[in-house]
Amino acid sequence: MEKTQWIKILVIALLSAITLFIPFDAFGVTVNAVEQRVIAMFVLAALCWIFEPFPVWATSMLIIVMMIFTISDKAPAAFIFDGSGAKFGNLLSYKALMATFADPTIMLFLGGFFLAAAATKYQLDFNLARILLKPFGNNPKYVLLGLMMITALFSMFMSNTATAAMMLAILAPVLALFDKEDKGRIAFALAIPIGANIGGMGTPIGTPPNAIVVKALSEMHVPISFAKWMFFAVPYMLIMIFVAWFVLIKLFPIAKKSMALKIENRFLKTPSAFVVYITFAGTVLLWMTSDLTGLNSNAIAMIPMAIFAVTRVISKHDLNKMSWDVLWLVAGGFALGLGIQKTGLAEHVLAAVPFSSWSALAVMVGAGLIAIFMSTFMSNTASASLLTPIIAALAVSMGAGLDTLGGVQGILIAIAFSCSLAMSLPISTPPNALAYSTGFVQTKDMAKMGVIVGIVGIIIASGMVVVLGGAGFFDKSKPEAALVAPAVTKAAVKESIKDLAAPTPLIQRIPAQDPNRNDSLLDTTKVKTVPAVKVPVSTP
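Now for a quick tour of the structure. (Residues numbered from 1 in each chain as written. Predicted model: local features only at pLDDT ≥ 70, side-chain atom pairs only at ≥ 80, totals over all residues. Heavy atoms only, no water.)

Helices and strands together make up the secondary structure of the chain, namely 25 helices and 0 strands. With 540 residues in all, the chain has 58% of them scored as buried. In the chain, 79% of the contacts between residues at least 6 apart in sequence involve partners at least 24 apart. A total accessible area of about 21,200 Å² is found for the chain, and carbon and sulfur atoms account for 67% of it. (Helix = DSSP H or I, 4+ residues; strand = E, 2+ residues; numbered from the N terminus. Buried < 20%, exposed > 50% of the residue type's maximum accessible area, 1.4 Å probe, protein only. Contact = heavy atoms within 4.5 Å. Areas by Shrake-Rupley, 256 points an atom, 1.4 Å probe, with all protein chains shown as cover.)

Written as C-alpha cells, this is what we have:
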C-alpha cells in the first residue's frame, strides 16, 4: 500500500478508537460498553467507505470479524462481562452475524445477477434497445427522450453501470458527429447516467437503496410487494425522466436537426437464447404478479438461477466472472444494521432526541437531504446502509405521527429515492463516471444538472408520499411494539423497536462478461464496457 493509504488507515483507526472514550452520558445518551463499540464500528465503517483506504468490501469483512470478536456471544471473556462480572445482556448472536452472508434478499439480487449475465451473453439487451428506439424517429430531442426512457427501462432490472456502458456503446458513434460548439452532445452524454440512476428506482431490485428499504419493511412486519412498489415507483420514475429531459434540452440546447442510431444486432435463435428470452420474461412477470400468486420475490429470483444452471446457459466460467466480492460488501451492511438495532443503540439515541416536536414532513425532508448529501460523496449503498437502520427506528418511534405520510413505509421509501437522486458529481455513481470519461461532460455540467434534478426529485417524492399516504395507499399497520404515541420516551422507544431487525443493503446485478464491474463501488479504473465501444474510465 502507498504511504497515503497508511496515513488514512492510521487516522481512521485513531478517530474510531477515540469514539470508545466519548462520554455519551454527558449528552443525554445512555449507552453501555457494547453499544459504544457499535458506535466506534459505525464510525470506522463510515470513514472507510468514504475515504476507501482499502477496497470497500474489505471494510465489510473487517466490520463483521470485529463484531464477532467484540459484541457477539462468542467474543473473548473480556468483552462479554462488565466490570461487576455480569454478562452483558445485549450481545449479538454470532450465528446471526454469520447469517448475514446468506440473507434471502441476497438471493433476490443474485437472481438478478443471473438474469443480467444471460441477457448480456445472448445480446438480449442490444436487441431490445434496437426495437424500442425505433418509435422515437430522427428528431434529436425525441431521440434523447427515447435514450433516457430505454436506459431507465433496462436499469429497472439490470446493473446501472452495465446499462450505462451498453447505452454509451450505442451512443458513442453519434456523439462523435456533434460539432464542438453544439451543447447537444453534453445533453446526450448526460442523458445516459441520468436515465440509469432514475430508472433504478422503478423496482425493488433496480438499485441497492430500494432493496435495503424492502428488507427493512419486511423485518418490521409491514412488507411491500414487488408489484406494489412498481405501482408508485414507475410513475415517479417516468415523471422524473420527463423532468430531467426538459431540463437537459433547456440547459444544453441541441443544434443538430436530425440523427439516426444504427444498431446492427439481431435476435439469436438458438435453443439457449430462447431459454433466456422465456425465463427472463417469465421471471419479470412473476415478480410483477407476486401479489396475485402469493409467491415471494426472493423465492422467484431462484428460478432463473436453477434454469440457467441446469441448461448451461450460465457456465462455470460465467459464474466465476460474477462480482462475488459485492456480496461481501452487502453482508457488512447487514451486520452493521443488526448491531445498531439489536444492541439497543438505536433506542437510546432516539430517546435522547425530542422528535415529538418535529413534524412528520420535516423529518422526511431532513432525512432525504442528508441521504442525498451522503450519497453524493460516497456509495449510495453505503449511505443507505448507514441511514436506514436509524431512520427505520426513528419512524417506528414516531408511531401515529407519521400516518399522514403513510407510516413507516412512506418515510423509508422517500429515503430510498433520495439516495438514488444523488448524481451531482462524477464520483456520485458509476454511470456518472462513465459519462464523464467520454470527455464530453465537465464536472460543472454534471453538478448543475444533478442539483436541479435532486431538488425537484425530493419535492416530487415528498408530494407523492403525502398524497399516497393520505389516500391510504401505504400499509399503516405496525409491528406490535410500534403502536406508540408521537411523544417519545425512553421506555416507549425501547418497546417500539424491540422486534425491529436490521435492514439489508443490496447490490445491483453485474453482467457476467465483466467481473470487475460493480454498482456500489466506484472503482472506475477497472470498469469495462460492452463490446463494440471503448469507454475509458479513470477516477475523476
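The next point concerns the environment of Leu286. Among the structural elements, Leu286 can be located in helix H13 (residues 271-288). For Leu286, a relative accessible area of 25% puts it in the partly exposed group. Apart from residues lying up to four places away in sequence, Leu286 is in contact with Leu295, Ile300 and Ile303.

Another aspect to go through is the nonpolar core. If you look at the biggest cluster of nonpolar residues, it comprises 116 residues, and the most contacted ones within it are Phe188, Trp229, Phe232, Leu248, Leu412 and Phe417. The element contributing the most residues to this core is helix H12 (residues 226-251), with 14 residues. Ignoring any residue separated from it by four or fewer positions in sequence, one finds Phe188 in contact with Pro140, Val143, Leu144, Leu147, Leu171, Leu175, Phe178, Ile254 and Met259. Within the second largest apolar cluster, 40 residues are counted, among which are Val31, Ala45, Leu336 and Cys419. (Core = buried A, V, L, I, M, F, W, Y, C linked by side-chain atoms within 4.5 Å.)

In a regular helix each residue adds 1.5 Å, so 15 residues correspond to 21 Å; helix H3 (residues 56-70) covers 21 Å between its end C-alpha atoms and thus fits that length. The set of residues buried in H3 consists of Val56, Thr59, Ser60, Ile63, Ile64, Met67, Ile68 and Thr70. (Expected span 1.5 Å × (residues − 1).)

What follows concerns the packing of helix H11 (residues 208-219) against helix H22 (residues 407-420). For any two helices packed against each other, one specifies the inter-axial angle together with the distance between the axes. Axis separation between H11 and H22 bottoms out at 8 Å; the angle between their running directions is 165°. Taken as axis vectors, H11 and H22 run roughly antiparallel relative to one another. The handedness of the crossing between H11 and H22 is right-handed. Of the residues in H22, those in contact with Pro209, Asn210, Val213, Ala216 and Leu217 of H11 are Val408, Gln409, Leu412, Ile413, Ala416, Cys419 and Ser420. (Axes fitted to C-alpha atoms, helices over the stretch in contact; angles between N-to-C directions. Parallel < 35°, antiparallel > 145°, perpendicular 65-115°, else oblique. Left-handed = near helix turned anticlockwise from the far one by under 90°.)

A complete count under the given rule lists 12 aromatic pairs for this structure. Both rings, one in Phe232 and one in Phe417, keep their centres 6.2 Å apart while their planes meet at 55°; by these two values the pair is tilted. Here Phe232 is found in helix H12, whereas its partner Phe417 is found in helix H22, with 185 residues between them in sequence. Among the residues examined, Phe232 registers a relative accessible area of 3% and is labelled buried. Of the aromatic side chains, those joined through ring pairs into one cluster are Trp229, Phe231, Phe232, Tyr236, Phe417, Phe473 and Phe474. (Phe/Tyr/Trp six-rings, centres within 6.5 Å; stacked < 30°, edge-to-face > 60°.)

Let us look at a nonpolar patch on the surface. Taken together, the side chains of Ile7, Val11, Leu14, Leu15 and Ile18 present a nonpolar region at the surface, about 440 Å² in accessible area. With respect to the helices and strands, the residue Leu14 is situated in helix H1 (residues 3-19). We classify Leu14 as exposed; its relative accessible area is 54%. (Patch = residues over 30% accessible without salt bridge, like charges linked within 9 Å, V, L, I, M, F, W, Y side chains within 5 Å. Salt bridge = Lys/Arg side-chain N within 4 Å of Asp/Glu carboxyl O.)

Looking at the element boundaries, Asn197 is found in helix H10 (residues 184-199). Once you skip the residues sitting within four places of it in the chain, Asn197 turns out to touch Asn160, Ser420, Met423, Thr429, Pro431 and Asn432.

Below, the discussion takes up unusual backbone geometry. Even without a glycine there, the phi angle at His221 is positive, about 70°. Unusually for a residue other than glycine, Arg312 sits at a positive phi of about 65°. With respect to the helices, strands and loops of the structure, Arg312 is situated in the loop between helix H16 (302-310) and helix H17 (316-321).

What follows concerns the environment of Ile198. Considering the arrangement of structural elements, one finds Ile198 in helix H10. Once the C-alpha coordinates of Ile198 and Ala422 are considered, the two residues, 224 residues apart in sequence, prove to be 9.9 Å apart. With near-sequence residues (within four places) excluded, Ile198 lies in contact with Met237, Met240, Ile241, Ala244, Met423 and Val453.

Examined against the element boundaries, Lys215 turns out to sit in helix H11. Polar contacts involving the side chain of Lys215 include one to the side chain of Glu219, which spans 2.5 Å. (Polar contact = N/O pair within 3.5 Å; in protein donor to acceptor, adjacent residues only side chain to side chain.)

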